[in-house]
Amino acid sequence: VFVADYSSHDIRRVEVATGEVTTLVDSLDADEAAQFDGPAAIAISPDGSALFVADSANNKIRRVEVATGAVTTIAGSGEDGSTDGVGGAAQFCIPCGLAISPDGGALFVADSSNDKIRRVEVATGEVTTVAGSGMMGSADGVGDAARFDFPIGIAISQDGSALFVADYENHKIRRVEVATGAVKTIAGSGTDGSADGVGDAAEFDGPVEVAISADGS
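The structure displayed is predicted, hence computed values, not measured ones.

Cut-off values and rules
Residues numbered from 1 in each chain as written. Predicted model: local features only at pLDDT ≥ 70, side-chain atom pairs only at ≥ 80, totals over all residues. Heavy atoms only, no water. Helix = DSSP H or I, 4+ residues; strand = E, 2+ residues; numbered from the N terminus. Buried < 20%, exposed > 50% of the residue type's maximum accessible area, 1.4 Å probe, protein only. Contact = heavy atoms within 4.5 Å. Areas by Shrake-Rupley, 256 points an atom, 1.4 Å probe, with all protein chains shown as cover. Lys, Arg positive; Asp, Glu negative; His and termini not counted. Charge placed at Lys NZ, Arg CZ, Asp CG, Glu CD. Phe/Tyr/Trp six-rings, centres within 6.5 Å; stacked < 30°, edge-to-face > 60°. Lys NZ or Arg CZ within 6 Å of the ring centre and 35° of its normal. Core = buried A, V, L, I, M, F, W, Y, C linked by side-chain atoms within 4.5 Å. Pairing = 2+ DSSP bridges. Axes fitted to C-alpha atoms, helices over the stretch in contact; angles between N-to-C directions. Salt bridge = Lys/Arg side-chain N within 4 Å of Asp/Glu carboxyl O.

Quick word on the overall build of the protein
Now for step 1: In terms of regular secondary structure, the protein is built from 0 helices and 17 strands.
Now for step 2: Its C-alpha atoms give the protein principal-axis dimensions of roughly 50 × 40 × 30 Å.
Now for step 3: Burial analysis of the protein (217 residues in total) assigns 46% to the buried set.
Now for step 4: For the protein, the proportion of contacts with a sequence separation of at least 24, taken over those separated by at least 6, is 37%.
Now for step 5: Per element, the accessible surface of the protein, about 9800 Å² overall, is 49% carbon and sulfur.
Now for step 6: Side chains of the protein give 13 positive and 34 negative charges; the mean places of these two sets differ by 5 Å.

Put into structure tokens, the structure is as follows:
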């Protein structure tokens, strides 16, 4: 298990069989060249060779080699903003959620303070906006016609066709079609609460994470 240890600013490894914990990247080590500031989310490549980290306070998406702990920045200038672009020409604002496509070619980012869902091409660092206008709100719609309010958690379907988003301030779970950027609310009334129910009869109170079942149901 790999852990984004947010307040320690470290990337940790936990051996499942023994519970042994080691630090893969230690931001407070004077000899450590790489540093994180509030790593908030982590995803692993399909082949297990690399980790991808949403380095929230640095406004960057980073790559960590599992074998060596070597860290590189694949996207984000470090300055907060919402510009699409390649590598350091792109900007994020407190990215807090991360999911990787089944083929390992793309990362999807819940860009929380920008109220957007972004896509990062792993090979090139090219960043594009999948959905979200950049203005907080709760509107369903396609691409920039949709609105989120501090989306945090994100997961991707097994076939890579859909994203599921924990829309924190809206108290909703949203679905985003990868191909089109179409957004719809699948659960949550928008009012904070804890009621079970179907669709908008259900209530959440600040959902922060989502995960999808093995069968995608």
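A short note on the packing of aromatic side chains
Given two aromatic rings, their pairing is described by the distance between the two centres and the angle made by the two planes.
Now for step 1: With the rule as written, the count across this model stands at 1 aromatic pair.
Now for step 2: Seen from their ring centres, F150 and Y168 are 6.4 Å apart, and the 70 degrees between their planes marks the pair as edge-to-face. Separated by 18 residues along the polypeptide, F150 in the loop between β13 (141–142) and β14 (151–156) and Y168 in the loop between β15 (162–167) and β16 (172–177) bring together distant segments of the chain.
Now for step 3: For F150, a relative accessible area of 24% corresponds to the partly exposed category.
Now for step 4: Seen from the ring of F148, R174 lies directly overhead, with NZ or CZ sitting 4.9 Å from the centre.

Observations concerning the side chain of D111
Now for step 1: Checked against the element boundaries, D111 lands in strand β10 (residues 106–111).
Now for step 2: Excluding its chain neighbours within four sequence positions, the residues that come into contact with D111 are Q91, F92, C93, I94, P95, K116, R118 and P151.

Quick notes on the nonpolar core
Now for step 1: By size, the foremost hydrophobic cluster in this structure holds 17 residues, and its most contacted members are F52, I61, F92, L98, L107 and V120.
Now for step 2: Per-element accounting of this core gives the leading share, 3 residues, to strand β5 (residues 50–55).
Now for step 3: Contact partners of L98, with chain neighbours within four places excluded, come to A41, A43, F52, V53, A54, I61, L107, F108, V109 and I154.
Now for step 4: Judged by nonpolar contacts, the second largest core, of 16 residues, contains A110, I117, I154 and L163.

Considering the sheet that holds strand β6 (residues 60–65)
Now for step 1: Spatial ordering of the open sheet is given by β4-β5-β6-β7, a layout of 4 strands whose pairing is antiparallel. Here the strands that pair on one side only, and so sit at the sheet edges, are β4 (39–44) and β7 (71–75). Each adjacent strand pair in this sheet contributes to an overall mean axis angle of 30 degrees, direction not counted.
Now for step 2: Pairing of β5 with β6 involves 6 bridges; the strand directions are antiparallel. Across the sheet, the residue bridging to A50 is E65, located in β6.

Topic: the pattern of salt bridges
Now for step 1: Inspection of the entire model under this criterion finds 10 salt bridges.
Now for step 2: Among the ionic pairs, E121 bridges to R119, the shortest N-O distance being 2.6 Å.
Now for step 3: Residue R119 is classed as partly exposed on the basis of its relative accessible area, which comes to 26%.
Now for step 4: In the salt-bridge network here, residues are joined through shared partners; they are D84, D111 and R118.

A word on the sheet that holds strand β3 (residues 21–25)
Now for step 1: Strands sit in the order β1-β2-β3 across an open sheet of 3 strands; the sheet is antiparallel. At either end of the open sheet lies a strand with only one pairing partner, and these are β1 (2–5) and β3. Within this sheet the neighbouring strands show an average axis-to-axis angle of 35 degrees, counted without direction.
Now for step 2: Across 4 bridges, β1 lies against strand β2 (residues 10–14) in antiparallel orientation. The residue of β2 that forms the bridge with V3 is R12.

Some remarks on the pairing of strand β12 (residues 126–131)
The side chains of a regular strand alternate between the sheet's two faces.
Now for step 1: The pairing of strand β8 (residues 85–86) with β12 spans 2 bridges and is antiparallel. Bridging from a neighbouring strand, V86 pairs with E126 of β12.
Now for step 2: Both strand β11 (residues 116–121) and β12 contribute to a ladder of 4 bridges, which runs antiparallel. Bridge assignment links R118 to a residue of β12, and that residue is T129.
Now for step 3: The antiparallel pairing of β11 with β12 creates a hairpin that spans 4 residues between the two strands, and G125 there sits at a positive phi of about 80 degrees.

Examining the side chain of S112
Now for step 1: Looking at where S112 falls in the secondary structure, it is placed in the loop between β10 and β11.
Now for step 2: Given the relative accessible area of 0%, S112 is considered buried.
Now for step 3: Look past the residues within four positions of S112 in its chain and what remains in contact with it is C93, I94, P95, C96, F150, P151 and I152.

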